[in-house]
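# Chain and residue survey
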Amino acid sequence: MLSQTSQDALDPAAVAQLRVAAAQASLRAYAPYSHYYVGAALLLQSGEVVTGCNVENVSFRLTCCAEQAAIARAVSEFGPAIRITAVAVANADTSLTCQPCGACRQTIAEFADSSCPIFYPGNAGKPSACTLADLLPAAFSADSMG
Ligand SMILES: [Zn+2]
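Source: prediction; values computed, not measured.

When helices and strands are counted, the protein shows four helices and five strands. Taken from N to C terminus, the helices and strands of the protein fall in the order α-β-β-α-β-α-β-β-α. Computed over its C-alpha atoms, the radius of gyration of the protein comes to 14 Å, within 12% of the 15 Å expected for a compact globule of 146 residues. By principal-axis analysis of the C-alpha atoms, the protein measures approximately 40 × 40 × 30 Å. Per-residue burial over the protein gives 37% buried out of 146 residues. Considering only intrachain contacts with a sequence separation of at least 6, the fraction spanning at least 24 residues in the protein is 57%.

Moving on to the pairing of strand S2 (residues 49-53). Most of S2 is tucked away: five of the five residues are buried. Residues Val 49, Thr 51 and Cys 53 point to one face of S2 and Val 50 and Gly 52 to the other, with burial holding for every one of them. Here five bridges tie strand S1 (residues 38-44) to S2, and the two strands are oriented antiparallel to one another. In the strand pairing of S2, Gly 39 is matched with Cys 53. A loop of four residues connects S1 with S2, the two strands running antiparallel in sequence, and Gly 47 in this loop sits at a positive phi of about 100°.

Of all hydrophobic cores here, the largest spans 41 residues; its most connected members are Ala 40, Leu 42, Val 87 and Ala 88. When contributions to this core are tallied by element, the ones reaching two or more residues are helix H1 (12-26), S1, S2, helix H2 (66-78), strand S3 (84-91), helix H3 (102-109), strand S4 (117-121) and helix H4 (132-135). Discounting residues that sit within four places of it in the chain, Val 87 has contacts with Ala 40, Leu 42, Glu 67, Ile 108, Cys 116, Ile 118 and Phe 119.

Another point: H1. Over its 15 residues, H1 extends 21 Å from the first C-alpha to the last, a length consistent with the 21 Å expected when each residue adds 1.5 Å. Along H1, the residues that are buried comprise Ala 14, Leu 18, Arg 19, Ala 21, Ala 22, Ala 25 and Ser 26. Along the axis of H1, the buried positions cluster into a sector of 160°, meaning they face one direction only. Residues of H1 that are exposed and point over 90 degrees away from its buried face: Pro 12 and Ala 13. Here the buried face of H1 lies against S1, S2, H2, S3, S4 and strand S5 (127-131).

So, how was this worked out
Residues numbered from 1 in each chain as written. Predicted model: local features only at pLDDT ≥ 70, side-chain atom pairs only at ≥ 80, totals over all residues. Helix = DSSP H or I, 4+ residues; strand = E, 2+ residues; numbered from the N terminus. Rg over C-alpha atoms; globule rule 2.2 N^0.38 Å. Buried ≥ 20, exposed ≤ 12 C-beta atoms within 10 Å, placed from the backbone. Contact = placed C-beta atoms within 7 Å. Pairing = 2+ DSSP bridges. Core = buried A, V, L, I, M, F, W, Y, C linked by C-beta atoms within 7 Å. Expected span 1.5 Å × (residues − 1). Arc of directions from axis to C-beta.

Here is the structure:
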């Protein structure tokens, strides 16, 4: 479990720990086709950290992203009421950019507020951060369904 100084401001050490957890998860990725080894670490509101990695399939559209793997694992372990406080994404190749893809952004939105911080390797792998709203400004939500 990671400690948080508040809901809105993560302790820098907690952010660093979350990034490390994502990097460690990237080393377990199954990516024999793309060789794009991604790990994700979720900080849940409960303080638990749940990781996932991408799992490719020879039938490419069956591939599961690291973020979605982590979310499925978090729901499996802690139930449907989980809330994500922060997300870190890493790539085993630390020189690469690695933001959540569109599908993952929408999946994160199901369990996180729009202010949820997303930590990821930006240009040339440089540590970067933004909010979910920055990545998915017009998320489809339950409110969209009327
Ligand atoms: Zn994805």
